[in-house]
Amino acid sequence: MRFGKWVILIVILCVLLISISGLASDNQTAASSGKKIHSEPNSHGTPDGGHGGHENLGEVLPIWSCIPFACMLLSIALFPLAAPEFWHHHFGKVSAFWAVSLAIPFLFAYKGLALYEILHIVLADYVPFIILLWSLYTVSGGILLRGSLRGTPLVNTIMLVIGTVLASWMGTTGAAMLLIRPFLRANSYRKSRTFMVVFFIFLVANIGGSLTPLGDPPLFLGFLHGVSFFWTFKLLPHMVLAAVLLLIIYFFVDLYFYKKETASVSDEKNIENQTSQKREGSTIPSNEGSSLKLEGTFNFILLAGIVGAVLMSGIVDWGEINTLGIHRAVQDWARDGLLILMGILSLVATSAKLREDNEFTWFPIIEVAYLFIGIFVTMIPCLLILKAGTKGELAFLINAVKEPIHYFWVTGALSAFLDNAPTYLTFFNTAIGSFYAGMTEAQAVPLLMTENAIYLKAISAGAVFFGACSYIGNAPNFMVRSIAEEAGTPMPSFFGYILKYSLVFLIPVFILVTLVFFF
């Protein structure tokens, strides 16, 4: 009961703080500075102020408006520990609760402008995000590797290398969804598996996507803003250093547990042999007499179709379409339609028996869909304040970013908990404004790629690498965690992941990357 009372108290405080501070900011802005916050849509369906008034709203939003986002993260972190049964059955309601706790006072304070922002993040960000995840999850779930693939330290390391390489070409989400099930199945006999999945998230779901715009959303956004497709290959030394260090660490950690488990199995076998002859052989599966066989290979064509659809949406320009006042490119809607088509084709072409043998269920994607709608809605004020740059509540942070080391760590730290795409774009624009004020983007970006390439490298590496620091840092992280838990692999809590793994393994690697490339 005490826990429930505290939750209610926090909610009331959230609503009051956002409403009061929002209205106060509105009145103060209009009265003292003469800056008008337009809250009604114009004749084109967007709020007055050209670009939806994003900059104006970000300038007046108080930092308190980020409280529901913090509460959403705390719910993800604490409920599975404090009330696991409740969380398992009601996580969707908790997510909706925090989304509403932001949406109602947000709409009350900023009216049409708030409605625009909510619709924009849902239609332009959340819907494409879930469609991409769903299509990749569905298609990859139709690919089954039969046979005994024994997860030794060497085999596991090779699988991580393959996934890291694939991530830049089929996206971190695509590579993660393709390989996580074979990786888990190969290690199903191992007792200590948690660290394996964590390093899988580090490498395949994040750092591996550094080399092309297809690898990770922020790089794709840079590509849309004029960064050449193969420029990101300049991040190869950074990626190789980080990946090699993590792979070496992984190998020796895996080797330690493998030897420990093998010795334990050997001792148990000797005891059993002395008392009974009923059991034969080791509990560790053997590869002998069991060849590997790949089924559902038709889905690889669909995976290629998904990658092609994503790439197409960044190359062609078919104009825009207005949906509920939100302007989206026609090619983006076409991409989403193609992704849905690929998923449906996979469901039709792949037998139910194969998916059953692959232990495919819909729970992981449902969990991600429910939780991330709450995350996306509650982080609206955080993103708007960040986009406001030096005119928002985070001006002190933006103004402090001057050197490559600052760009790397500040972009990275924010990307670990916020959407890394707008974070990337914020500091991308900050760098352009610092070095090429007055130039158009078309003029400035080629110069940024050449004259001040180290700053763009710092922004790009920070946005991609630090996505591995938390479960919500990048799209596939939470999916991999959910799939692993459903397969019986215990995973650390939200804070456990950060404290036991990110701070211990990732941060020292990033410090070394900083010393080598950005110091």
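On a predicted model such as this, the values are computed, not experimentally measured, just so you know.

Next up on the list: the overall build of the protein chain. Helices and strands together make up the secondary structure of the protein chain, namely 20 helices and 4 strands. The buried share of the protein chain, taken over its 519 residues, is 54%. For the protein chain, the proportion of contacts with a sequence separation of at least 24, taken over those separated by at least 6, is 79%. Carbon and sulfur atoms make up 68% of the accessible area of the protein chain, which amounts to about 22,400 Å² in all.

What follows deals with the packing of aromatic side chains. Within this structure, the stated rule accounts for 46 aromatic pairs. The interplanar angle of 40° and the centroid separation of 5.5 Å between the aromatic rings of Phe 79 and Phe 86 together place this pair among those described as tilted. Taking relative accessible area as the criterion, Phe 79 reaches 10% and is therefore assigned buried. In this arrangement the basic side chain of Arg 328 is found over the ring face of Trp 333, its NZ or CZ atom lying 4.4 Å from the centre. For the cation-ring pair, Arg 481 lies above Tyr 471, with the distance from its terminal atom to the ring centre recorded as 5.8 Å.

Quick look at the confidence of the model for the protein chain now. With 84% of its residues at a pLDDT of 70 or more, the protein chain shows a mean pLDDT of 83. No element of the protein chain has a lower mean pLDDT than helix 1 (residues 2-33), which averages 47, and none a higher one than helix 6 (residues 194-203), which averages 96. Predicted confidence for residues 22-36 stays below pLDDT 50, and this span has 20 contacts to residues more than four positions away or in other chains. This model gives residues 38-55 a pLDDT under 50, and the stretch forms 35 contacts once residues within four places in sequence are excluded.

With 148 residues, the main nonpolar core has Phe 106, Phe 202 and Phe 510 as its most contacted residues. In terms of residue count, helix 4 (residues 84-140) provides more of this core than any other element does, 22 residues in total. Setting aside its immediate chain neighbours within four residues, Phe 510 contacts Ile 207, Phe 408, Trp 409, Phe 465, Phe 466 and Cys 469.

Running from N to C, helix 5 (residues 153-186) and helix 6 point in directions that differ by 20°, and their axes come no closer than 11 Å. In terms of their interaxial angle, helix 5 and helix 6 are classed as roughly parallel. Remark: the crossing between helix 5 and helix 6 carries right-handed chirality. In this structure, helix 5 contributes Asn 156, Leu 160, Thr 164, Ala 176, Leu 179, Ile 180, Phe 183 and Leu 184 to the contact, and helix 6 contributes Met 196, Val 197, Phe 200 and Leu 203. Across the contact of helix 5 with helix 6, the residue classes tally to 10 nonpolar, 2 polar and no charged.

So, on to the pattern of salt bridges. All told, the structure shown has 11 salt bridges when counted by the stated rule. Put simply, Asp 332 and Arg 335 hold a salt bridge, and the shortest N to O gap is 3.4 Å. Of the two residues, Asp 332 and Arg 335 are both situated in helix 10 (residues 330-349); the distance of 3 residues between them amounts to about one turn of the helix. The salt bridge partner of Arg 481 is Glu 485, with a shortest N-O separation of 3.4 Å. With Arg 481 and Glu 485 both in helix 19 (residues 475-486) and 4 residues apart, the pair spans about one turn of that helix.

A few words now on helix 12 (residues 363-378). Between its first and last C-alpha, helix 12 extends 23 Å over 16 residues, near the 22 Å set by a 1.5 Å rise per residue. The buried fraction of helix 12 amounts to 12 of the 16 residues, a majority that puts the element mostly inside the structure. Contacts from the buried residues of helix 12 go to helix 3 (67-82), helix 4, helix 13 (380-387) and helix 19.

The next point concerns the packing of helix 5 against helix 9 (residues 298-315). The N-to-C vectors of helix 5 and helix 9 enclose an angle of 145°; their axes lie 10 Å apart at closest approach. Relative to helix 9, helix 5 is oriented so that their crossing is right-handed. Residue-level contacts link Trp 169, Met 170 and Leu 178 of helix 5 to Phe 300, Leu 303 and Val 307 of helix 9. Class assignment of the residues belonging to the contact of helix 5 with helix 9 gives a composition of 6 nonpolar, no polar and no charged.

Another point: the side chain of Thr 350. Within the secondary structure layout, Thr 350 lies in the loop between helix 10 and helix 11 (352-357). Separated by 3.1 Å, the side chains of Thr 350 and Asn 299 make a polar contact. A distance of 2.8 Å separates a polar atom in the side chain of Thr 350 from the backbone oxygen of Ser 346. Those residues in contact with Thr 350, other than ones at most four positions away along the chain, are Gly 142, Asn 299 and Arg 355.

Here the focus is the pairing of strand 4 (residues 326-329). Here strand 3 (residues 320-323) runs beside strand 4; their pairing, made up of 4 bridges, is antiparallel. Residue pairing for strand 4: Ile 321 is matched across the bridge by Arg 328. What sits between strand 3 and strand 4 in their antiparallel hairpin is a turn of 2 residues, with Leu 324 showing a positive phi close to 55°.

The next thing to look at is unusual backbone geometry. Look at Lys 111: it is not a glycine, yet its phi comes out positive at around 50°. Of note, Leu 324 is a non-glycine position whose phi angle comes to about 55°, a positive value. Its place among the elements puts Leu 324 in the loop between strand 3 and strand 4.

Let's shift gears to the side chain of Thr 172. For Thr 172, the location among the structural elements is in helix 5. One polar contact links Thr 172 to Asp 216, side chain to side chain, over a distance of 3.3 Å. Among residues more than four places away in sequence, those in contact with Thr 172 are Ala 167, Val 204, Ala 205, Asn 206, Gly 209, Gly 215, Asp 216, Asn 474 and Pro 476.

Note on placement: Gln 443 falls in helix 17 (residues 441-450). Taking the C-alpha atoms as reference points, Gln 443 and Gly 226, separated by 217 residues in sequence, lie 9.5 Å from one another.

On the surface, a cluster of nonpolar side chains totalling about 890 Å² of accessible area is made up of Val 161, Val 165, Trp 169, Phe 230, Phe 233, Leu 236, Val 240, Val 244, Ile 248 and Phe 252. Of all the secondary-structure elements, those providing two or more residues to the nonpolar patch are helix 5 and helix 8 (236-275). Here the nonpolar patch gets 5 residues from one element, more than from any other, and that element is helix 8. Given a relative accessible area of 31%, Phe 233 falls into the partly exposed group.

Cut-offs used in this document
- Each chain carries its own residue numbering, running from 1 in the direction its sequence is written.
- Since the coordinates come from a predicted model, pLDDT governs what is reported: local features require at least 70, and pairs of side-chain atoms require 80 or more to be given and counted, while whole-chain, interface and lining totals use all residues.
- Side-chain numbers here rest on the full set of heavy atoms in the structure, without hydrogens or water.
- What counts as a helix is a DSSP run of H or I of at least four residues, what counts as a strand is a run of E of at least two, and both are numbered from the N terminus.
- Throughout, exposure labels follow a simple rule: accessible area from a 1.4 Å probe, protein chains only, divided by the maximum for the residue type, with under 20% read as buried, over 50% as exposed, and the rest as partly exposed.
- Between two residues, a contact is recorded if the distance between any of their heavy atoms is within 4.5 Å.
- Where accessible areas are quoted, they stem from the Shrake-Rupley method and a 1.4 Å probe; at the residue level, only the protein chains shown are allowed to cover.
- Any two rings among Phe, Tyr and Trp, with Trp reduced to its six-membered ring, count as a pair given centres within 6.5 Å; such a pair is stacked if its planes are under 30 degrees apart, edge-to-face if over 60, and tilted if neither.
- By definition here, charges over rings are those cases where NZ of Lys or CZ of Arg is within 6 Å of the ring centre and within 35 degrees of the ring normal.
- Values of pLDDT, ranging from 0 to 100, describe the predictor's confidence in every residue of the model.
- Grouping buried Ala, Val, Leu, Ile, Met, Phe, Trp, Tyr and Cys residues that are joined through side-chain atoms within 4.5 Å yields what is termed a nonpolar core.
- To obtain each axis, a line is fitted to C-alpha atoms, and for helices this fit is confined to the stretch in contact; angles are then taken between N-to-C directions over 0 to 180 degrees.
- Small angles under 35 degrees read as roughly parallel and large ones over 145 as roughly antiparallel, with 65 to 115 read as roughly perpendicular and the rest as oblique.
- Each crossing is labelled by how the near helix is turned from the far one, with a counterclockwise turn of less than a right angle marking it left-handed and a clockwise turn marking it right-handed.
- Here the nonpolar group is Ala, Val, Leu, Ile, Met, Phe, Trp, Tyr, Cys and Pro; Asp, Glu, Lys and Arg are the charged ones; every other residue, Gly included, is treated as polar.
- When a carboxyl oxygen of Asp or Glu is within 4 Å of a side-chain nitrogen of Lys or Arg, the pair counts as a salt bridge.
- Expected helix span is given by 1.5 Å per residue-to-residue step, counting one fewer step than there are residues.
- In the analysis that follows, any N or O atom pair within 3.5 Å is treated as a polar contact, provided that within protein one partner can donate a hydrogen and the other can accept it, and provided that, for residues neighboring in sequence, both atoms belong to side chains.
- What makes two strands pair is DSSP finding at least two bridges between them.
- In this analysis, a patch consists of residues with relative accessible area above 30% that form no salt bridge, clustered at 9 Å for like charges and at 5 Å for the nonpolar side chains Val, Leu, Ile, Met, Phe, Trp and Tyr.

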